[in-house]
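# Summary of the model geometry
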Amino acid sequence: MKIEVFETKERVLADNESAARETRALMRERGTLLINLMGSPGAGKTSVLSRVIPALGEFRIGVMEADVDSDVDAKTVAALGARVIQLHTGGLCHMDADMTRRGLDRMGIDGLDAVFLENIGNLVCPAEFEIGADLRMTVLSVPEGDDKPLKYPLMFTIADLVAVNKLDTAPIFDFDLAAFKARVLALNPKAEIIPISAKTGEGCAELASFLRSLIEKRRRGE
Amino acid sequence: MKVITLNATVTESNDRDAARVRARMKRSGTLLINLMSSPGAGKTTLLSRLITDMRDERIGVMEADIDSDVDAERIAALGAKSIQAHTGGMCHMDAGMTEAALDALEGDEGDLIFLENVGNLICPAEYDTGAGLNMMILSVPEGDDKPLKYPLMFKESAALVISKLDALPYFDFSVEKCSERAEKLNPAIKIFPVSAKTGEGMEELENWLRERLADWRRN
């Protein structure tokens, strides 16, 4: 017997939308920027945070690490001096607005200029669930291949910022950066694309600069 | 390339669907392998290498993706039977969807059929597709901590292929640590470090697949 999935999904998404709107309003009121950091497993989300947090040392940053299991990521980020909590999703493959809000309440956002939610490693499901973020940032790494926008279009359609990581490995992989950029822009003409290497630091100053300007805007109440 | 659109069935009977798929594959003597991994770990590249190397076996591929037909086109270009399925946005395949994809092969089932699942280290592990074997890939660039972070897929797989071995010099990846972590979760897991690019380790994997096919037909 086939049950109609789609109506249910629409209702779930509508409820999520409403929770996301509340979070967005709360963050604006508190002057804190919320960033939804997404990407495949192993793309380098935590490594990018390891670069960006010290580079944004003048700000107070919080990180919610969302994983299916383990606390390796939270430990890595805690060592950078950021306020951190580790969230376990009970096997769920993405964070939603409700879970995000509960995480924010638990961690506390008082005194924070920016909060990163490091989402579950997954190029599919997180793109479908708004968490109430001000910035949707996707990390895609060179070894994964330049065809990923074709195969996971929603993730690249919703991304405000795409960091192309592991640039230092470009010589050994067949990654066409120009083709990748064209594919992303075809889905989302407004996407900001910044190639980086979290390992060598290349491009990280530019990435930090981009984030800095958004954090400052939020502090000014914009 | 013809694309078929699948509808996920929300039903308690995925197990029943999976049993039906398995029985069908027993009848045709075809080993169905559910191939899972993150996006970009090298599923299609590995399949391309297997098809090129394993000349004595008839291999078919069911490509499951959210969008695009680039993968099915790559397989078809090698002369292997392939179909492209779109999952309607679903992040994994279930047994009902697998059955529909098998129907699209139109009886041309061959010796081995690979279901190249949606690139995702979480959801595919939760759904029995009716495959005779679950096989996963973890690539060197992804990091050796992934068994800690995504334990279920390692628990559910009979084989772990550690791919992109030729990239080892560029990454902080310990094959030993990764293997230990995987074996802790699943003591029976068979581990194959390979490079589909250079061919390293491929012979061991191919021989193991041939043995599994023989086992499937014997029992």
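Quantities reported herein were computed from a predicted structural model and do not represent experimental measurements.

### Overview of unusual backbone geometry
Despite not being glycine, Ser70(A) has its phi angle at roughly 80°, a positive value. Among the secondary structure elements, Ser70(A) is positioned in the loop between β2 (61-67) and α3 (72-78). Positive phi values are uncommon outside glycine, yet Lys164(B) reaches one of about 60°. By the secondary structure assignment, Lys164(B) is in the loop between β7 (159-163) and α7 (175-185).

### Let's talk about the interface of chain A and chain B
If you look at the interface, chain A gives 35 residues, while chain B gives 36 residues. Considering only the side of chain A, the residues that lose the most area to chain B are Pro41(A), Lys151(A) and Ile172(A), jointly responsible for 21% of the buried surface there. Counting across the interface, chain A meets chain B through four salt bridges. Between Lys151(A) and Asp65(B) there is a salt bridge; the shortest N-O distance is 3.5 Å. Looking at which element gives the most residues to the side of chain A that touches chain B, the answer is helix α5 (residues 148-151) of chain A, with three residues. Grouping the amino acids of the side of chain A that touches chain B by side-chain chemistry returns 17 nonpolar, seven polar and 11 charged.

### Quick look at the nonpolar core
With 112 residues, the main nonpolar core has Met135(B) and Leu209(B) as its most contacted residues. Counting residues per element, this core draws most heavily on helix α8 (residues 202-218) of chain B, which supplies six residues.

### Section: the confidence of the model for chain B
Across chain B, the average pLDDT comes to 94, with 97% of residues at or above 70. For this predicted complex, the interface confidence score (ipTM) comes to 0.92, while the overall pTM stands at 0.93.

Quick notes on the rules
Residues numbered from 1 in each chain as written. Chains lettered and ligands numbered in written order. Predicted model: local features only at pLDDT ≥ 70, side-chain atom pairs only at ≥ 80, totals over all residues. Heavy atoms only, no water. Helix = DSSP H or I, 4+ residues; strand = E, 2+ residues; numbered from the N terminus. Contact = heavy atoms within 4.5 Å. Buried area = accessible area lost by both parts, 1.4 Å probe. Salt bridge = Lys/Arg side-chain N within 4 Å of Asp/Glu carboxyl O. Nonpolar A, V, L, I, M, F, W, Y, C, P; charged D, E, K, R; others polar. Core = buried A, V, L, I, M, F, W, Y, C linked by side-chain atoms within 4.5 Å. Buried < 20%, exposed > 50% of the residue type's maximum accessible area, 1.4 Å probe, protein only. pLDDT = per-residue confidence, 0-100.

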